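Observations on the three-dimensional arrangement
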Amino acid sequence: MSLQVALLMIKVQSFIQEKNSFIPVEVELALWPGLPSIHFVGLPDQHLKESAVRIKSAIKSCGFHFPVAQQILVNLRPSYLKKTSRGLELAVAAAYLWETGQLKSPVLSSEFFIYGELSLAGEVIEPEDLGHNFHTGRLTVLTGTSLKPTTSVHFRRQVVRSLKDLEAPSEIQAASPSAELQRPWHLMESLFSTEQARLLEILAVGEHSALIAGPAGSGKSHLVQSLSAFLKAPSSEEFMELRKIHSAFGEDLRWRPVIKPHHSTPMMAMIGGGSVPFAGEISRAHGGILILDELLEFSSQVQEALREPFEEGRMRVFRSGKLKEYPAQAQILATTNLCPCGSWTPLQSDVKNCGLSAARCRSYAHRLSGPFVDRFEILIFTKGIGRLEKNGKVLYEKIKEVQNFVAGRQNVVNSRLPLESFQRGLKSRSLLQVHLETEHSQRRKAAILRVARTLADLDFNSEIRSEHLDEAILFCQTNFNRLKRWS
C-alpha cells in the first residue's frame, strides 16, 4: 500500500518567548485525511494543546470553513524547545486560512512574522509580552490591537482586529524610521539658584539617586522635574528599547521617561506582579527618572518593595514556578518634608522655624524606611529657594561638555561604577584611607566614591582629589548621619 501524502502544506513564521527574548519558530501546517481536529508536534505544552479549541472556534465564528474530513497537523520547529500558545494561535489560523484559499495569502518573506492570541469569537488580541525585550531584528509583525501600535526601525505592527481582517498585503514594505528624540527644552527656561544648579550638575552627569528634604516651597519638586532636560540623550539602540517598553503601556515615548506616581499608588502597581505578571511603575521608569514626590506619604510596603529594584536595576516576579524579570534601571529621586508643618530639618538653624514639638516631628519622620533611605547615594537638606541667577540653557552647555568628557573615558555612568574601578583614579591610596577610615558600610563607601568621581568630572579632572571627597562625604555620609541622629 503506497504512503498517502498530505493534501496541503504551508510554512509561516512566529515566535516563542524564552528568558525575556523572542525566538523565531517555524509553523508548518499540513492537512491530512482524518477526523477534523488540530494536532501539535514539536514539544507543545498543555496551554498550546488547549489552544486548538480556541483556533477552531475562532475560525468557525468568523464564518470560515473548518475541515470536515481532514485533520490539521501543526509542526513547530525547532523541535527541541518547549512551546506555549501565546501568539502562535494567530499563526496557525492564518496558515490554515491562507493555504485553503479562504483568504488571500501574502508574499511570505523572511521578515514576515505572525504573532497574536485568539478569542473564541475570532478577535485577535496582542500578547502583552510583545512590548518587552523584543530582540528579533528587523521584522514585520501582524498582531492585534489591545495595545497601541508603534513603529520603529526594527519592526512594525500591522494591526488586525479579527480573523476576517487577516488578508495581508501582497508586498512587505520597509519599516518606517523611529521617532526622533525630543529633549524637553522648555524645562531649561527656568532660572536656578547656585545650590540648585550644583545639584543639577551632579545628578545629570553622574545620574545618582537622591533624596531631597526640606520645607515646602524650597523648590524640591521643580528641581527634580527639570532634571530630565539635562540628562544625556540615549543612544538610538537604547531609545528603541525604551520605546518598546512604553508601547506595552500604550505610550509614544519621545525622550527618557519621567514617571511620577501618586503617593497612594499600591505596591503591586509600583513594582509589578499579579497572577498574570505585568510590569510596574519602576519598570515604566527604566532608562529615565522615577520621582517619588512627598516620600513620607508613600506606604512602608512600597518603600520596602522598591529596595530590590533600586539596587539591582531589575524586578523579578515568581509565578507558578516561573521567573518573570522586568528591567528597572531608573534614576530614583525623592522629595519630602520631614515634619507635618514642613519647616524642620536636622540642620540646627531650622529648629526655631517649626511650630511643633520635636517628638511630633520625629514621629512623622519615622515613616521613612531606614534601609530604603540608605539606598540613595545623595541626601540634601534644603532651606529655601535662594537667589535665582543661573540660566538653565547656560547650565546645560556646561553639563553637556562634562558628559562628553565622561563618555571619552568610560561607557557607564558614575552611579553604576563598581568599587573596584576606583583603585585607579584616586590620587593616592592613603587619601582614600584618610577619608574613609571611620566608614564601615560598603554602600556608603561606594556612594562617596561615585559622587566624588562626578565632582572630579565637573572639574574636568581625571583624578579624584581631597576636595572632591570632602564634598562627596557631605552629600553621601554627613547628611545621612544627621538624619539618623535626629530621627
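Residues numbered from 1 in each chain as written. Predicted model: local features only at pLDDT ≥ 70, side-chain atom pairs only at ≥ 80, totals over all residues. Heavy atoms only, no water.

**Side note on the overall build of the protein**
Helix and strand counts for the protein stand at 15 helices and 20 strands. Here the protein, with 487 residues, has 52% of them falling under the buried criterion. Long-range pairs, those at least 24 residues apart, make up 75% of the contacts in the protein with a sequence separation of at least 6. A total accessible area of about 22,100 Å² is found for the protein, and carbon and sulfur atoms account for 52% of it. (Helix = DSSP H or I, 4+ residues; strand = E, 2+ residues; numbered from the N terminus. Buried < 20%, exposed > 50% of the residue type's maximum accessible area, 1.4 Å probe, protein only. Contact = heavy atoms within 4.5 Å. Areas by Shrake-Rupley, 256 points an atom, 1.4 Å probe, with all protein chains shown as cover.)

**What about helix α3 (residues 194–206)?**
Along its 13 residues, α3 runs 18 Å from first to last C-alpha, staying within 8% of the 18 Å computed at 1.5 Å per residue. Of all 13 residues that make up α3, 10 are buried, and the element is covered over most of its length. Gln196, Ala197, Leu199, Leu200, Glu201, Ile202, Leu203, Ala204, Val205 and Gly206 are the residues of α3 that are buried. Once α3 finishes, Glu207 follows within two positions and takes phi at roughly 55 degrees, a positive value. (Expected span 1.5 Å × (residues − 1).)

**Notes on helix α5 (residues 236–247)**
Between its terminal C-alpha atoms α5 stretches 16 Å, which fits the 16 Å expected from 12 residues at 1.5 Å a residue. When we look at burial in α5, the residues that qualify are Phe239, Met240, Leu242, Arg243, Lys244, Ile245, His246 and Ser247.

**Let's talk about the side chain of His468**
Along the chain, His468 falls in helix α15 (residues 466–486). Using a relative accessible area of 3% as the deciding quantity, one classes His468 as buried. Leave out the neighbours within four places in its chain, and His468 touches Ala452, Leu455, Ala456, Asp459, Asn461 and Glu463.

**Observations concerning the sheet that holds strand β15 (residues 289–292)**
Judged by pairing direction, the sheet is parallel, and its 5 strands sit side by side in the order β12-β15-β18-β11-β19 without closing on themselves. Each having just a single partner strand, β12 (258–259) and β19 (378–381) make up the two edges of the open sheet. Contacts between α3 and the sheet are confined to β11 (210–213), β18 (331–336) and β19, with β19 contributing the most and set at about 165 degrees to the helix. (Pairing = 2+ DSSP bridges. Axes fitted to C-alpha atoms, helices over the stretch in contact; angles between N-to-C directions.)

**Description of the packing of aromatic side chains**
Centre distance and the angle of the planes are the two values used to describe a pair of aromatic rings. A full pass over the atoms with the stated rule returns 7 aromatic pairs. Measuring from ring centre to ring centre gives 6.2 Å for Phe192 and Phe230, while their planes differ by 75 degrees; the resulting arrangement is edge-to-face. Placement of Phe192 in strand β10 (residues 191–192) and of Phe230 in the loop between α4 (220–226) and α5 is noted, with a sequence separation of 38 residues between them. Residue Phe230 is classed as buried on the basis of its relative accessible area of 0%. (Phe/Tyr/Trp six-rings, centres within 6.5 Å; stacked < 30°, edge-to-face > 60°.)

**Focus: unusual backbone geometry**
Between Arg77 and the following residue, Pro78, the backbone shows a cis peptide bond with an omega angle of 10 degrees. Here Pro78 lies in the loop between β4 (70–77) and α2 (88–99). Unusually for a residue other than glycine, Glu294 sits at a positive phi of about 60 degrees. On the secondary structure map, Glu294 appears in the loop between β15 and α8 (300–305).

**Notes on the pattern of salt bridges**
Taken as a whole and judged by the stated rule, the model has 23 salt bridges. The partner of Glu397 in a salt bridge is Lys400, with the nearest N and O atoms 3.7 Å apart. On the criterion of helical spacing, the pair formed by Glu397 and Lys400 is a turn pair, its members being 3 residues apart in helix α12 (residues 392–407). Among the residues examined, Lys400 registers a relative accessible area of 31% and is labelled partly exposed. One salt bridge connects Arg465 with Glu463, and the closest N-O pair in it is separated by 4.0 Å. Under the relative-accessibility criterion, Glu463 is labelled partly exposed at 30%. Each of Glu308, Glu312, Arg314, Arg316 and Glu325 takes part in one network of salt bridges that share partners. (Salt bridge = Lys/Arg side-chain N within 4 Å of Asp/Glu carboxyl O.)

**Notes on the nonpolar core**
The biggest cluster of nonpolar side chains holds 43 residues, and the ones touching the most others in it are Leu203, Leu227, Phe230, Ile378 and Val451. Mapped by element, the contributors of at least two residues to this core are α3, β11, α4, β15, β19, α12, α14 (442–458) and α15. Residue contacts for Leu203: discarding those within four places in its chain leaves His208, Ala210, Leu223, Leu227, Leu231, Gln331, Leu333 and Ile378. (Core = buried A, V, L, I, M, F, W, Y, C linked by side-chain atoms within 4.5 Å.)

**A word on the side chain of Ser14**
Note that Ser14 resides in strand β1 (residues 8–18). Engagement of the side chain of Ser14 in a polar contact is seen with the backbone oxygen of Ile114, the distance being 2.6 Å. For Ser14, the contacting residues outside a window of four places in its chain are Ile23, Pro24, Val25, Val27, Gly87, Leu88, Ala91, Phe113, Ile114 and Tyr115. (Polar contact = N/O pair within 3.5 Å; in protein donor to acceptor, adjacent residues only side chain to side chain.)

**Looking at the environment of Asn461**
The topology assignment puts Asn461 in the loop between α14 and α15. Sequence separation of Asn461 and Phe405 is 56 residues, and the distance between their C-alpha atoms is 9.5 Å.

**As for the environment of Phe310**
Looking at the element boundaries, Phe310 is found in helix α9 (residues 307–312). Excluding its chain neighbours within four sequence positions, the residues that come into contact with Phe310 are Ser209, Ile332, Phe372, Arg375 and Phe376.

**With respect to the packing of helix α1 (residues 46–61) against α2**
One can describe the packing of α1 onto α2 by two numbers: an axis separation of 10 Å at closest approach and a directional angle of 50 degrees. In terms of orientation, α1 and α2 fall into the oblique class. Considering how the two elements wind past one another, α1 and α2 form a crossing that is right-handed. The segment α1 lies against α2, with Leu48, Ser51, Arg54, Ile55 and Ile59 engaging Leu88, Glu89, Val92, Ala93, Tyr96 and Leu97. Grouping the constituent residues of the contact of α1 with α2 by class yields 8 nonpolar, 1 polar and 2 charged. (Parallel < 35°, antiparallel > 145°, perpendicular 65-115°, else oblique. Left-handed = near helix turned anticlockwise from the far one by under 90°. Nonpolar A, V, L, I, M, F, W, Y, C, P; charged D, E, K, R; others polar.)

**Some thoughts on the confidence of the model for the protein**
The share of residues in the protein with pLDDT of 70 or more is 76%, and the mean pLDDT across the chain is 78. When mean pLDDT is taken per element in the protein, β15 scores highest with 96 and strand β8 (residues 139–143) scores lowest with 44. This model gives residues 1–6 a pLDDT under 50, and the stretch forms 6 contacts once residues within four places in sequence are excluded. The model gives residues 168–178 a pLDDT under 50, and that stretch makes 30 contacts with residues more than four places away or in other chains. (pLDDT = per-residue confidence, 0-100.)

**What to know about the environment of Gln477**
With respect to the element layout, Gln477 can be found in helix α15. Assessed through its relative accessible area of 11%, Gln477 is described here as buried. Measuring from C-alpha to C-alpha, the distance between Gln477 and Ala447 comes to 8.6 Å, with 30 residues separating the pair along the chain.

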